[in-house]
Amino acid sequence: MKLLLTSAGVKNASIQNALVELLGKPIAESRALCIPTAAYGNPMITPDGPWRFISGTSHLPMVGLGWKSVGVLELTALPSIGAERWVPWVREADVLLVGGGDATYLCHWMRECGLAELLPSLPETVWVGLSAGSMVLTPRVGKEFVEWPAHAGDDSTLGIVDFSIFPHLGMNTMEEAEKWVAAIGVPGYAIDDDTAIKVTDGEVEVVSEGQWKLLTP
């Protein structure tokens, strides 16, 4: 897939330009599916959080960017309806907009429903992650970012990329990020909410109007 891994959505013109470049066409001509699942794994998020994400009224720009169409893909529902129904929806989408919450909960349901297995067959689809929606593609998120009680002690995620992400730099400190990367044992990007990581064909590019740092353990 083509990846745009953000801390807080498409927050500035540089990140939006990177998104359009990955899409290969304007946002207004692109079909999106939004995935709110991660929110339900974080006990601090109330039901209005997923609603704001889905409705495009969140202050974290994702769904409300002016897409040609937007549908909702709730991963917890997919095992009960069968792959023959939902896989075509994913294949027809230009972009998957993946909201924040708990990355380990999102990882669990991506595996449970079969989306994780499907991803390698979607080379032209763009994955736009927001916080946990970005972190789920990394090898580990760090114990600091595991809020789902069922996964206490296990911070492993999908490992589609070979680096981890420490989001919301500014709200979280660089000192905390240094301790985090030492504990997880893999390289990681500390990024603020004006930064995204763009990945195409294995090439990693940082897109930023803010602060970021590549950290090594």
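Just so you know, the residues in each chain are numbered from 1, in the order the chain's sequence is written. For a predicted model such as this one, the threshold for reporting local features is a pLDDT of at least 70, and the threshold for listing and counting side-chain atom pairs is 80 or more; totals across whole chains, interfaces and linings nevertheless cover every residue. Side-chain calculation: all heavy atoms of the structure are included, whereas hydrogens and water are not.

**Student:** Honestly, the environment of Pro 61 in this entry has me stumped. Any pointers?
**Tutor:** Here a helix means four or more residues in a row that DSSP labels H or I, a strand means two or more in a row labelled E, and each is numbered from the N terminus. Topologically, Pro 61 is positioned in the loop between helix H2 (48-55) and strand E3 (69-72). As for Pro 61 and Leu 130, which are separated by 69 residues in sequence, their C-alpha atoms are 9.3 Å apart. Two residues form a contact once any of their heavy atoms are found within 4.5 Å. Excluding residues that lie within four positions of it along the chain, Pro 61 makes contacts with Ala 8, Gly 9, Val 10 and Lys 11.

**Student:** Sorry, what's going on with the packing of aromatic side chains here?
**Tutor:** Within a pair of aromatic rings, the relevant descriptors are the distance that separates the centres and the angle that separates the planes. Only Phe, Tyr and Trp rings take part, Trp by its six-membered ring, and two of them pair if their centres are within 6.5 Å. Stacked means planes under 30 degrees apart, edge-to-face means over 60, and tilted covers everything else. Taken as a whole and assessed by the stated rule, the structure comprises 5 aromatic pairs. Between Tyr 105 and Trp 148 the ring centres are 5.0 Å apart and the planes differ by 85°, which places this aromatic pair in the edge-to-face class. Note that Tyr 105 is positioned in helix H4 (residues 103-113) and Trp 148 in the loop between helix H6 (132-135) and strand E6 (164-166), a separation of 43 residues in sequence. Exposure classes here rest on a 1.4 Å probe applied to the protein chains alone. A residue is buried below 20% of its type maximum, exposed above 50%, and partly exposed in between. Take Trp 148: its relative accessible area is 16%, and that puts it in the buried class. Each ring, one from Phe 145 and one from Phe 166, has its centre 5.4 Å from the other, and the planes form 80°; the classification is edge-to-face. In this pair, Phe 145 sits in the loop between H6 and E6 while Phe 166 sits in strand E6, placing the two residues 21 residues apart along the sequence. Accessibility expressed as a relative area gives 3% for Phe 166, which makes it buried. The structure contains a cluster of three or more aromatic residues connected by ring pairs, namely Phe 145, Phe 166 and Trp 180.

**Student:** How should I be thinking about the side chain of Asp 192 in this particular structure?
**Tutor:** Here Asp 192 lies in the loop between strand E7 (188-191) and strand E8 (195-200). A positive count includes Lys and Arg, and a negative count includes Asp and Glu. His and the chain ends are not counted in either. Think of a salt bridge as a Lys or Arg side-chain nitrogen and an Asp or Glu carboxyl oxygen that are within 4 Å of each other. For Asp 192, which is buried and forms no salt bridge, the nearest opposite charge comes from Lys 11, at a distance of 9.9 Å. Within the structure, Asp 192 has its side chain in polar contact with the backbone nitrogen of Asp 194 (distance 3.0 Å). In the analysis that follows, any N or O atom pair within 3.5 Å is treated as a polar contact, provided that within protein one partner can donate a hydrogen and the other can accept it, and provided that, for residues neighboring in sequence, both atoms belong to side chains. A distance of 2.7 Å separates a polar atom in the side chain of Asp 192 from a polar atom in the side chain of Thr 195. If near-sequence neighbours (up to four positions away) are discounted, Asp 192 is found in contact with Ser 7, Leu 169, Gly 210 and Gln 211.

**Student:** I tried to follow H2 on my own but got confused; where do I start?
**Tutor:** Two residues of an α-helix separated by three or four positions point the same way, owing to the 3.6 residues in each turn. Residues Gly 49, Pro 50 and Phe 53 constitute the buried set of H2. Projected down its long axis, H2 carries its buried residues within an arc of 95°, all on one side. Looking at the packing, one finds that the buried side of H2 touches strand E2 (31-35) and strand E4 (95-98). Directly beyond the C-terminal end of H2, a positive phi value near 75° is found at Gly 56. Here the arc refers to the set of directions running from the helix axis out to each C-beta atom.

**Student:** Hey, could you run me through the sheet that holds strand E10 (residues 212-215) in this one?
**Tutor:** Strand pairing within a sheet occurs via backbone hydrogen bonds; the two strands may be parallel or antiparallel. Two strands are counted as paired when DSSP detects at least two bridges linking them. Read from one edge to the other, the open sheet built from 3 strands follows the order E6-E7-E10, with strand pairing classed as mixed. The open sheet has two free edges, formed respectively by E6 and E10, since each of these has just one partner strand. Shown here is a sheet whose adjacent strand axes are inclined to one another by a mean of 20°, direction ignored. Fitted lines through C-alpha atoms serve as axes, helices being fitted only where they are in contact, and the angles separating the N-to-C directions of these axes extend from 0 to 180 degrees.

**Student:** What am I meant to see in the pattern of salt bridges here?
**Tutor:** Side chains that carry opposite charge are capable of pairing whenever their charged atoms lie near each other. A full pass over the atoms with the stated rule returns 9 salt bridges. Between Arg 31 and Asp 94 there is a salt bridge, and its shortest N-O distance comes to 3.6 Å. Taken as a pair, Arg 31 in strand E2 and Asp 94 in the loop between helix H3 (83-92) and E4 lie far apart in primary sequence, 63 residues in all. Residue Arg 31 is classed as partly exposed on the basis of its relative accessible area of 36%. Asp 94 sits in the buried class, given a relative accessible area of 14%. A salt bridge links Lys 198 to Glu 205; its shortest N-O distance comes to 3.8 Å. The class of Lys 198 is buried, set by a relative accessible area of 6%. Members of the salt-bridge network, linked through shared partners, are Glu 21, Lys 198 and Glu 205.

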